Amino acid sequence: MKQDTQEFYQETANRIMDFVHTHLHEPLLTEQIAEELNLSQRQLSRIVYSVFGEPLSTYILRERLEKAVLYMQIQAQTLTELSEKVGYDNAQSFSKAFKKHFGIAPKTYLARLEEHLQVFRNEGNALSFPAEVVDFEGLDLAYIRIADRYGASEAYRTGWKKLLQYLSDSRKPNETTRFIGLSFDDPNVTAAEHCRFYACASVSSLLPARGEIGRLFLPAGRYAVYTLQGSYNDLQAAYNEIMANIPYPIRFAMPFEEYIDYSEENPESGSTKIYIPIKL
């Protein structure tokens, strides 16, 4: 594939993913998405399969059901309420699709997930220090998407390198640049090969997207912030400990990480702030 074609595919894939992510409660017909993004249906299908490695319908189905799991973890809801939030006409269709995808019914799945988190309840170190409650002001970000096992060292190293090159080309970063990690998927729910991590840096709102580099706005909101000292290799365990023990009501928004004073030569010297969205 030619470089300009590859860049077009990557940039368009980011737009497709962003559109689907924010419209999962709608029918999301192929012709609707194609029209919204100014693509032919054939172009849309070809780009999705080339970049995502699966058909558009499979991708949307998986996104709907995995998002439903996130809703289930935040508050008790009826199957009818869940089905409406993720674009199903009725609870029966949602339950049937859920069981086909995960192999078990929604309530059974949630019980097993709770059983998994129980291992971390009052067992870990994540809550050996108090969380700081902050009002996050929102941030314009440039990102590169990494699809791999959460924390996969080589894929992450390559992704961050490409992002830093983009920033360098745009006369960034500087001392005010903030480095953020966004995990679009929960590794406890999503298969490793489909886990999406966005390596991000704060940028001017005027800086354009380019090829693999996308643009997004991380919205303002209230967060409980935990600081993890040392290497970020233990982040998933820290997330599990926090989610199993957090004393605050959680709201439906994306948790994220901010990397402070990180050095590749001495990763143990750095620290990571973990932001968990709360309702207080």
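Now for a quick tour of the structure. (Residues numbered from 1 in each chain as written. Predicted model: local features only at pLDDT ≥ 70, side-chain atom pairs only at ≥ 80, totals over all residues. Heavy atoms only, no water.)

Section: the overall build of the chain
Here is step 1 of the chain: When you go through the chain residue by residue, the secondary structure sums to nine helices and eight strands.
Here is step 2 of the chain: Taking 19 Å as the expected radius of gyration for a compact globule of 280 residues, we find that the chain reaches 19 Å, a close match to that expectation.
Here is step 3 of the chain: Here the C-alpha coordinates of the chain stretch approximately 50 × 50 × 30 Å along the principal axes.
Here is step 4 of the chain: Long-range contacts, defined as pairs at least 24 residues apart, comprise 72% of the intrachain contacts of the chain with a sequence gap of at least 6. (Helix = DSSP H or I, 4+ residues; strand = E, 2+ residues; numbered from the N terminus. Rg over C-alpha atoms; globule rule 2.2 N^0.38 Å. Contact = heavy atoms within 4.5 Å.)

As for unusual backbone geometry
Here is step 1 of the chain: Although it is not a glycine, Leu 28 sits at a positive phi angle of roughly 55°.
Here is step 2 of the chain: Tracing the backbone through its elements, the reader meets Leu 28 in the loop between helix H1 (3-22) and helix H2 (30-36).
Here is step 3 of the chain: On the accessibility criterion, Leu 28 (6% relative accessible area) is buried.
Here is step 4 of the chain: Phi angles above zero are rare outside glycine, and Asn 38 is one such case at about 60°.
Here is step 5 of the chain: With relative accessibility at 70%, the residue Asn 38 sits in the exposed group. (Buried < 20%, exposed > 50% of the residue type's maximum accessible area, 1.4 Å probe, protein only.)

Looking at helix H9 (residues 235-245)
Think of an α-helix as turning once every 3.6 residues; residues three or four places apart then point the same way.
Here is step 1 of the chain: The buried count for H9 comes to nine of eleven residues, which makes it a mostly enclosed element.
Here is step 2 of the chain: Among the structural elements, helix H7 (106-118), strand E6 (221-229), strand E7 (256-260) and strand E8 (271-277) are those in contact with the buried residues of H9.

What about the nonpolar core?
Here is step 1 of the chain: Membership of the largest hydrophobic core comes to 36 residues, with the highest contact counts inside it found for Ile 16, Ile 33 and Leu 182.
Here is step 2 of the chain: For this core, the element with the highest residue contribution is H1, accounting for six residues.
Here is step 3 of the chain: When residues no more than four places from it in sequence are discounted, the contact partners of Ile 33 are Phe 19, Val 20, Leu 28, Leu 44, Leu 56 and Ile 60. (Core = buried A, V, L, I, M, F, W, Y, C linked by side-chain atoms within 4.5 Å.)

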